[in-house]
Amino acid sequence: MKARMSAKTAENRLKEAGLEVTDHRLQVLMAVGNTAHPSSAPEILEIISTKKDINRVTVYRILDLLVEHAVLNRLSLGEKSQRFCLRNAREDEHPHFHCTRCDSYLCLHVKTLSLDQKVLDGLSLDVRHVDIRLEGVCLACQDKSDRF
Ligand SMILES: [Zn+2]
Ligand SMILES: [Zn+2]
């Protein structure tokens, strides 16, 4: 698979967020950045541990830190399930699509369901995180059902 996030890009993203650049942080960020769909913590751990000796707690801590600094989005999907994807510093938070057949998640473009910032501001609420989820059947599952 073609890498979407280089080490250099990851490094700049950490600096931009005011974080110290460490090898482990780079590895975690690149693992998320180079996965096309929002990934779970065990998935991220698996990607990194094939190359690096890193433990679970470290990976989980770094994920929390990156979410805190708005480098990553955290999708909370019930009590135990969480997935992570890249958050663009200069964009609004993007919506996600959940396939109810294969339980996969996709990041959608921010314009798919854009938020009206004026309306939001008018509510005078202190919005910290936006979580919009669309549900349905993904392309791969639609193709599968066509064959039957
Ligand atoms: Zn599907
Ligand atoms: Zn996403």
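Predicted model, so just to flag it, every value in this text is computed and none were measured.

Caption draft 1: Summary view of the sheet that holds strand 6 (residues 133-136). Taken in spatial order, the 3 strands make up an open sheet running 5-4-6, and their pairing is mixed. Strand pairing shows two members of the sheet lacking a second neighbour, strand 5 (105-107) and strand 6, which therefore form its edges. Direction aside, neighbouring strands of the sheet carry axes that sit 25° apart on average. Taken together, the 3 bridges between strand 4 (residues 96-99) and strand 5 define a ladder with antiparallel strand orientation.

Caption draft 2: The pattern of salt bridges, seen in detail. On inspection of all chains with the given rule, the structure shows 4 salt bridges. A salt bridge links Glu11 to Lys15, with the shortest nitrogen-to-oxygen separation between them at 3.1 Å. In this pair, Glu11 and Lys15 both sit in helix 1 (residues 7-16), 4 residues apart, roughly one turn of the helix. For Lys15, a relative accessible area of 48% gives the class partly exposed. Between Asp64 and Arg74 there is a salt bridge, with its nearest N and O atoms 3.1 Å apart. In this pair, Asp64 is assigned in helix 4 (residues 56-68) and Arg74 in strand 2 (residues 72-76), connecting sequence segments 10 residues apart. A residue is classified by how much of its surface remains accessible, and Arg74, at 22% relative accessible area, is partly exposed. Taken together, the salt bridges that share partners define one network made up of Lys8, Glu11 and Lys15.

Caption draft 3: Geometry of the coordination of the zinc ion (ligand 1). Here the zinc ion (ligand 1) is held by the protein donor atoms Cys99 (SG), Cys102 (SG), Cys138 (SG) and Cys141 (SG), which lie 2.3 Å from it. One can describe the donor arrangement at the zinc ion (ligand 1) as tetrahedral, given that its 4 donor atoms subtend angles of 107 to 115° at the metal. For the zinc ion (ligand 1), the donor residues sit on a single chain with the sequence spacing C-x2-C-x35-C-x2-C. Residue Cys102 is found in the loop between strand 4 and strand 5, and its partner Cys138 is found in the loop between strand 6 and helix 6 (139-146); the two are separated by 36 residues along the sequence.

Caption draft 4: Spotlight on the coordination of the zinc ion (ligand 2). Surrounding the zinc ion (ligand 2) are the protein donor atoms Cys85 (SG), His94 (NE2), His96 (NE2) and Cys107 (SG), at 2.0 to 2.3 Å. For the zinc ion (ligand 2), the 4 donor atoms in the first shell make angles of 103 to 118° at the metal, so the coordination geometry reads as tetrahedral.

Caption draft 5: Region of interest: the domain arrangement of the chain. Each domain of the chain was delimited in the assignment, giving domain 1 (1-88) and domain 2 (91-148). Once you take the C-alpha centre of each, domain 1 and domain 2 turn out to be 20 Å apart. Across the contact, 12 residues belong to domain 1 and 11 residues belong to domain 2. In total, about 990 Å² of surface goes out of reach between domain 1 and domain 2, with carbon and sulfur atoms giving 51% of it. The interface formed by domain 1 and domain 2 holds 0 salt bridges in total. If you look at where domain 1 meets domain 2, you find 0 residue pairs in polar contact (both at pLDDT 80 or more). Contributing elements (two or more residues each) for the side of domain 1 that touches domain 2: strand 2 and strand 3 (82-86). The biggest single contributor to the side of domain 1 that touches domain 2 is strand 2, with 4 residues. Broken down by class, the residue content of the side of domain 1 that touches domain 2 amounts to 5 nonpolar, 4 polar and 3 charged.

Thresholds, definitions, all that
All residue numbers refer to positions counted from 1 along the written sequence of the respective chain. Chains carry letters and ligands carry numbers; both start at the beginning, A for chains and 1 for ligands, and go up in the order they are written. Local features are withheld for residues below a pLDDT of 70 in this predicted model, meaning they are given only at 70 or higher, and side-chain atom pairs are given and counted only at 80 or more; totals for whole chains, interfaces and linings count all residues. By convention in this description, side-chain values take in all heavy atoms of the structure and omit both hydrogens and water. What makes two strands pair is DSSP finding at least two bridges between them. Under the DSSP-based scheme used, a helix requires at least four consecutive residues in state H or I and a strand at least two consecutive residues in state E, with every element numbered from the N terminus. Axes here mean lines fitted to C-alpha atoms, for a helix over just the part in contact, with angles spanning 0 to 180 degrees between N-to-C directions. By convention in these notes, a salt bridge is any Lys or Arg side-chain nitrogen within 4 Å of a carboxyl oxygen on Asp or Glu. Buried means the residue's accessible area, taken with a 1.4 Å probe over protein chains only, is under 20% of the maximum for its type, while exposed means over 50%, and partly exposed covers the values in between. With water omitted from the atoms examined, metal sites may look incomplete; donors here are N, O and S atoms no farther than 2.8 Å from the metal, or 3.2 Å in the case of Na, K and Ca. Here a site with four donors is tetrahedral if all angles are between 85 and 135 degrees, and a site with four or six donors is square planar or octahedral if opposite donors are over 155 degrees apart and the other angles are between 65 and 115; anything else gets the irregular label. Marked domain ranges trace back to an automatic or database domain assignment. By definition, residues are in contact when any of their heavy atoms lie within 4.5 Å. Buried area: the accessible area, evaluated with a 1.4 Å probe, that two parts lose upon being put together, summed over both parts. In protein, a polar contact requires one atom able to donate a hydrogen and another able to accept it; more generally it is a pair of N or O atoms within 3.5 Å, and residues adjacent in sequence count only if both atoms are side-chain atoms. Ten residues, namely Ala, Val, Leu, Ile, Met, Phe, Trp, Tyr, Cys and Pro, are considered nonpolar, four, namely Asp, Glu, Lys and Arg, are considered charged, and the remaining ones, Gly among them, are considered polar.

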